[in-house]
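Each chain is listed here by its residues.
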There are 2 protein chains.
Amino acid sequence: MTLYQKLATRLREHIQHDFYKSGDKLPSVRQLAQEHGVSISTVQEAYRQLEQEQLVEARPKSGYFVCIPKKDNLPSISRPPQRPLEVSQWEEVLNMLMNRSGNKGVQLQHAMPDMKASTLKPLLKTLSDLTKQKPELGLGYSDVRGSEELRMQLCRLTVASGCQLHPDDIVVTSGCQEALSVCLRAVTEPGDIIAIESPSFYGSMQAIKAANLKAMEIPTHPETGISLEALELALDQWPIKAIFVTPTCNNPMGYNMPEEKKEQLYRLAQSYDIAIIEDDIYGDISYQFPRPKAIKAFDQDGRVLLCSSFSKSIAPGTRVGWIAPGRYRDKVTHIKYVSSSMCPVLPQLAIAKFIRIGGYAKHIRQMRQNYEQQRDHILNAIKIHFPSNTRVSFPVGGFILWVELHPSIDTMKLVERCREEGVNFAPGPLFSATGKYRNCFRLNFSEQNKEKREWAIKRLAAILHDSDTRIEHSAPETSALI
Amino acid sequence: MTLYQKLATRLREHIQHDFYKSGDKLPSVRQLAQEHGVSISTVQEAYRQLEQEQLVEARPKSGYFVCIPKKDNLPSISRPPQRPLEVSQWEEVLNMLMNRSGNKGVQLQHAMPDMKASTLKPLLKTLSDLTKQKPELGLGYSDVRGSEELRMQLCRLTVASGCQLHPDDIVVTSGCQEALSVCLRAVTEPGDIIAIESPSFYGSMQAIKAANLKAMEIPTHPETGISLEALELALDQWPIKAIFVTPTCNNPMGYNMPEEKKEQLYRLAQSYDIAIIEDDIYGDISYQFPRPKAIKAFDQDGRVLLCSSFSKSIAPGTRVGWIAPGRYRDKVTHIKYVSSSMCPVLPQLAIAKFIRIGGYAKHIRQMRQNYEQQRDHILNAIKIHFPSNTRVSFPVGGFILWVELHPSIDTMKLVERCREEGVNFAPGPLFSATGKYRNCFRLNFSEQNKEKREWAIKRLAAILHDSDTRIEHSAPETSALI
Ligand SMILES: Cc1ncc(COP(=O)(O)O)c(C=O)c1O
Ligand SMILES: Cc1ncc(COP(=O)(O)O)c(C=O)c1O
């Protein structure tokens, strides 16, 4: 290694380990030359190298700065099949779910938030106190719509997303998964068609399957979400019953649909007189503050069913989700009752208190900052280690991102190989009704341990670079490529 | 009041307040005469009066004894409409659910167990310890089939009902309600017909409605359950997809289907090659020990989907239920995942430990005895206070019973009037797909406070006797009478 390469490696490490963070000013050329006892031109050479890697940038008259990760290598807009299809891929989803517990190694596959934050302590304390001091509150049957205390706090909370709700407009559910399933069943009959983003969260797609519905996947832009033009074409062509979107901090791509576009989407639903199921589960951990408006904020006639839970903003184990079902309230209440009767009360009361005393606001403020930092870190790590033809989404909230590899890579095979080496991710086909996105995968970056994540990204990259393990598509799958 | 009437009243009170219990020997005629300073013939007259009321019986050469409640006034075998029908009555069910919390007075309407028992303490302690000491166990996503620890204990537990299960044969659910809903969806397509007992638990019937199925109600005997003859006729006539029964400590009638009949029912399902969904939620609190076998015990080819929960044997608020889905395991796992993803972990771990250390066995032993005593008490109270044409089911497990009044009584109207006076029950039409059983209702007797219950039974009876409030059917409803 030459002198300048050594210096570049050193600086690269400093950036990766957050010694210098995105946007930070780096030491001047002169300073570095002195510090390391090398010539000015060696330092210049090192900086030029890092510039080429898009890790640092020179600003005229100011010196060198750590690049703020950019969205210059976004995945392409998706091109799913242009007709309603049955959802497959359950085997693949189950396979991943089953590996939840037994799995060794670094877990980048699940959409699991950071649950070690000290800002969660007041919540855990309340839950522990309630369980100890008032266990009887948790024993009986209670309101099938959920605890009124919590529904009141949810009304307060959703002001931030532009909604004006009354406690009677809310139905508490067992997580957002139940919310989505209940809403789907409330607005459709078996055989109906649902328009969805593509790629889409596998849990929603499997719910579409279980409700005997067909999925009409709509081309989706990695920065602004579902294509309204494509959606309108589909609405003209097919008897679509509802639109199902995750427009804020989308899973798996992490984009926010711009607010004007949200309003347009609402108007479109209005003109075709169909419902919108809006999954807002990541909405509260948008990096932007105040958080973006929900589509529900534009709802004038109750056609938007807003779904959410505290699984991403607090922890999935709470299983506290909810629906603001608009005009579908009665049907939603029926299906929720039938689906699992009422929800456990103590977690609801604990979360209600957490919101009331301001603990929730404090917690998500911290999470927002934390996840945004982790995002910069993982984007840099991917840029440094992955093949240069890699495309990556640019999350503006939440803690997951979408990676698009060269079309010759089959992530269903890659996932097995990586699992053996202790790195786990969610392969792309899970996010498609028909097993598309074979060259894509989703990564979680909620983990605060940067060394661990960096090790995993490096391993992944090494397997990708290793030509022996370069996995070619087998013939029948080629057609499913985007 | 004459002397003998006064003495009879006195003795009646003693019996009602359990000073003398069912089967106890009463004081001799001579003894009573001395004690109360009355003549032998006055005591004889009093005893004759109580004999007429079927409260006491004379045994030759032994004296007088408190009657053991008998099943001589059972409701008639039901005669539901002989065709598959859509389920209605949701408004009525919701109305009752909504009154859960706000209601004043004595609550005899919900199938809520006794949750004040000291035998529950070890469970509550474990839950409180876990919540305090290992909150992290409760935070993440976990196995969609439920905690393995619990599934292992469930295998142990179900040996008592004659089942041989492996942890992999079990899927944990959010209560028995989710279990039923998931199983229904797993074995049917929309539009299919399900055969059910009549009357049936409203939660199952509403699940049939929500899954777009039709209910074929089958005549049901108040002592032995669903009529196999009628069922076979229906199976010949209609393309029935599955049989849905609660054969052990049935809700609402409290019968046990005899074990031979359970086996016959299984053979019938086999010969028509259809599935059986068996709701065993009350099975563990059968008064008989060891508890009766489940239909699942006779299952040779995995066509029985056994559903249960700890809602009746422990407390509904735990929301821990489960399915042994037999050959439908993969479909059941899919629908359970879609329905609400995984279940909260800490209650599962706490219950697993409760079973493991023997706390559960101890608790249900106590509950069995307790509920059997309460049953005798409420049956006596009904016998004493209600009109003599009242028919009452004779529960052999659980804590609910079914009352059939004179056909001229409309319990949908009665329930409103009684609510105003602070007595709440579940009116009959909720237990029918089409609003039948208007002259019937269900009562809960888990409450240990006998005075409170006796007061409620007296109030109810008074309203029934009060000719001003005698409620006649309005014309259109008459046809729905049994
Ligand atoms: C977009 C989206 N919706 C819904 C869910 C399900 O959430 P819950 O765990 O609250 O059921 C998830 C979880 O991964 C998700 O990412
Ligand atoms: C026969 C029967 N099945 C199922 C249920 C629902 O049980 P869970 O509360 O466990 O959902 C009940 C509750 O009343 C019931 O009586």
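Residues numbered from 1 in each chain as written. Chains lettered and ligands numbered in written order. Predicted model: local features only at pLDDT ≥ 70, side-chain atom pairs only at ≥ 80, totals over all residues. Heavy atoms only, no water.

*Asks:* Explain the interface of chain B and chain A here, please?
*Replies:* Reports often express the size of an interface as the amount of accessible area lost when the parts come together. Contacts between the two partners involve 56 residues from chain B, matched on the other side by 56 residues from chain A. When the buried surface of chain B facing chain A is broken down by residue, Leu139, Tyr141 and Tyr337 of chain B rank first, second and third, together holding 17% of it. Our count for the chain B to chain A interface comes out at 0 salt bridges. Summed over the shared surface of chain B and chain A, the number is 16 residue pairs in polar contact (both at pLDDT 80 or more). Of all elements in the fold, only helix H4 (90-102), helix H5 (121-133), helix H7 (175-187), helix H8 (202-210) and helix H11 (329-340) of chain B reach the threshold of two or more residues within the side of chain B that touches chain A. If you tally residues by element for the side of chain B that touches chain A, the top one is H11 of chain B, at 7 residues. (Contact = heavy atoms within 4.5 Å. Buried area = accessible area lost by both parts, 1.4 Å probe. Salt bridge = Lys/Arg side-chain N within 4 Å of Asp/Glu carboxyl O. Polar contact = N/O pair within 3.5 Å; in protein donor to acceptor, adjacent residues only side chain to side chain. Helix = DSSP H or I, 4+ residues; strand = E, 2+ residues; numbered from the N terminus.)

*Asks:* How should I be thinking about the site of ligand 1 in this particular structure?
*Replies:* As a matter of local geometry, ligand 1 sits amid 15 residues, with Asn251, Asp279, Ser311 and Lys312 of chain A together with Tyr141 of chain B nearest to it. One chain alone does not account for the residues near ligand 1; they come from chains A and B. Here a nitrogen atom of ligand 1 sits 2.5 Å away from a polar atom, N or O, in the side chain of Asp279 of chain A. Contact with the protein chains hides 97% of the accessible area of ligand 1, taken as 390 Å² for the molecule alone. Broken down by element, the shell around ligand 1 gets its largest block of residues, 4 residues, from helix H7 (residues 175-187) of chain A. Residue composition of the shell around ligand 1, by class: 7 nonpolar, 5 polar and 3 charged. (Near = heavy atom within 4 Å. Areas by Shrake-Rupley, 256 points an atom, 1.4 Å probe, with all protein chains shown as cover. Nonpolar A, V, L, I, M, F, W, Y, C, P; charged D, E, K, R; others polar.)

*Asks:* Got a minute to help me understand the relation of the copies chain B and chain A in this structure?
*Replies:* Two copies of a chain can be linked by a rotation about an axis combined with a shift along that same axis. At an RMSD of 0.1 Å, chain B and chain A line up after a rotation of 180° and a shift of 0.0 Å along the axis. Such a turn and shift between the copies fits a two-fold axis. The fraction of interface residues of chain B whose copies in chain A are also interface residues reaches 100%, indicating that both copies meet through the same surface. (Least-squares fit on C-alpha atoms with pLDDT ≥ 70 in both.)

*Asks:* Looking at this model, I keep getting lost on the sheet that holds strand E16 (residues 440-444) of chain B. Mind explaining?
*Replies:* Within a sheet, neighbouring strands are paired by backbone hydrogen bonds and run either parallel or antiparallel to one another. All names here are of chain B. Read across the open sheet, the 4 strands follow the order E12-E13-E16-E15; overall the sheet is antiparallel. Among the strands making up the open sheet, the edge pair consists of strand E12 (391-392) and strand E15 (426-427). As defined by bridge partners, strand E13 (residues 400-404) adjoins E16 across 5 bridges and the pair is classed as antiparallel. Paired with Trp402 across the bridge in E16 is Arg442. (Pairing = 2+ DSSP bridges.)

*Asks:* Is there a simple way to think about the packing of helix H14 (residues 411-420) of chain A against helix H15 (residues 450-465) of chain A in this case?
*Replies:* Residue and element names in this part refer to chain A. For the pair H14 and H15, the least separation of the axes is 11 Å and the interaxial angle reads 125°. Accordingly, the angle class assigned to the pair H14 and H15 is oblique. Regarding H14 and H15, the two cross each other, and that crossing is right-handed. For the pair H14 and H15, the contacting residues are Leu414, Arg417 and Cys418 in the first and Leu460, Ile463 and Leu464 in the second. By residue class, the composition of the contact of H14 with H15 is 5 nonpolar, no polar and 1 charged. (Axes fitted to C-alpha atoms, helices over the stretch in contact; angles between N-to-C directions. Parallel < 35°, antiparallel > 145°, perpendicular 65-115°, else oblique. Left-handed = near helix turned anticlockwise from the far one by under 90°.)

*Asks:* How should the side chain of Thr411 of chain B be read in this particular structure?
*Replies:* All names here are of chain B. Considering the arrangement of structural elements, one finds Thr411 in helix H14 (residues 411-420). Thr411 gets classed as buried once you look at its relative accessible area, which sits at 0%. Within the local environment of Thr411, its side chain forms a polar contact with the backbone oxygen of Cys440, the two atoms lying 3.0 Å apart. For Thr411, the contacting residues outside a window of four places in its chain are Leu405, Phe425, Pro427, Gly428, Pro429, Tyr437, Arg438, Asn439, Cys440 and Phe441. (Buried < 20%, exposed > 50% of the residue type's maximum accessible area, 1.4 Å probe, protein only.)

*Asks:* Would you explain the packing of aromatic side chains in this entry?
*Replies:* In this description, a pair of aromatic rings is defined by centroid distance and the angle of the planes. Residue and element names in this part refer to chain A. Counting across every chain of the model gives 26 aromatic pairs over all chains. Relative to Tyr437, the ring of Trp402 has its centre 5.8 Å away and its plane inclined at 80°; by these criteria the two rings are edge-to-face. Placement of Trp402 in strand E14 (residues 400-404) and of Tyr437 in the loop between strand E16 (426-427) and strand E17 (440-444) is noted, with a sequence separation of 35 residues between them. The exposure class of Tyr437 is buried, given its relative accessible area of 1%. By the ring-pair criterion, three or more aromatic residues cluster together here, those being Phe201, Tyr202, Trp402, Phe431 and Tyr437. The positively charged end of Lys436 is found above the aromatic ring belonging to Tyr437, 5.5 Å away from the centroid. (Phe/Tyr/Trp six-rings, centres within 6.5 Å; stacked < 30°, edge-to-face > 60°. Lys NZ or Arg CZ within 6 Å of the ring centre and 35° of its normal.)

*Asks:* Would you explain H5 of chain B in this entry?
*Replies:* Residues spaced three or four apart along an α-helix point in a common direction, a consequence of the helix completing one turn every 3.6 residues. The end-to-end C-alpha distance of H5 of chain B is 18 Å, a good match for the 18 Å that 13 residues give at a rise of 1.5 Å each. Of the residues making up H5 of chain B, those classed as buried are Leu123, Thr126, Ser128, Leu130 and Thr131 of chain B. (Expected span 1.5 Å × (residues − 1).)

*Asks:* Help me understand the sheet that holds strand E4 (residues 171-174) of chain B in this model?
*Replies:* Residues and elements named next belong to chain B. In spatial order, the strands read E4-E11-E10-E9-E8-E5-E6-E7; together these 8 strands make up an open sheet with mixed pairing. Each edge of the open sheet carries a strand with a single partner, namely E4 and strand E7 (225-226). The sheet contact formed by strand E10 (residues 304-309) and strand E11 (residues 320-324) spans 4 bridges and is antiparallel. Within the sheet, the bridge partner assigned to Cys307 lies in E11 and is Ile323. Together, strand E5 (193-198), strand E6 (214-221), E7 and strand E8 (240-245) form the strand contacts of helix H9 (residues 228-237), whose direction differs from that of E6 by roughly 155°.

*Asks:* I'm lost on the domain arrangement of chain A in this one. Help?
*Replies:* Residue and element names in this part refer to chain A. Taken domain by domain, chain A comprises domain 1 (3-66), domain 2 (85-115 + 362-478) and domain 3 (121-358). Contacts between the two partners involve 10 residues from domain 1 and, on the opposite side, 10 residues from domain 2. Between domain 1 and domain 2, a total of about 820 Å² is buried, with carbon and sulfur atoms accounting for 49% of that surface. Across the domain 1-domain 2 interface, the total number found is 0 salt bridges. Applying the counting rule to domain 1 against domain 2 returns 2 residue pairs in polar contact (both at pLDDT 80 or more). Taken together, the residues of the side of domain 1 that touches domain 2 sort by class into 2 nonpolar, 4 polar and 4 charged. (Domains from an automatic or database assignment.)

*Asks:* Please clarify how the UniProt feature "domain: HTH gntR-type" (unreviewed entry) in chain A should be interpreted in this entry.
*Replies:* Mapped onto the present numbering, the UniProt feature "domain: HTH gntR-type" (unreviewed entry) falls at residues 1-69 of chain A. End C-alpha atoms of residues 1-69 of chain A are separated by 27 Å, and the span's content is 51% helix alongside 12% strand. (UniProt positions renumbered as here; feature names shortened; annotations may be inferred.)

*Asks:* Would you mind showing me how to read the site of ligand 2 here?
*Replies:* Near ligand 2 there are 15 residues, and of these Tyr141 of chain A together with Asn251, Asp279, Ser309 and Ser311 of chain B occur at the shortest range. For ligand 2, an oxygen atom lies 2.7 Å from a polar atom in the side chain of Asn251 of chain B. Contact distances for ligand 2 include 3.0 Å between an oxygen atom and a side-chain N or O atom of Arg319 of chain B. Within the complex, the protein chains bury 97% of what would otherwise be the 400 Å² of accessible surface of ligand 2. Looking at side-chain class alone, the shell around ligand 2 contains 7 nonpolar, 5 polar and 3 charged residues.

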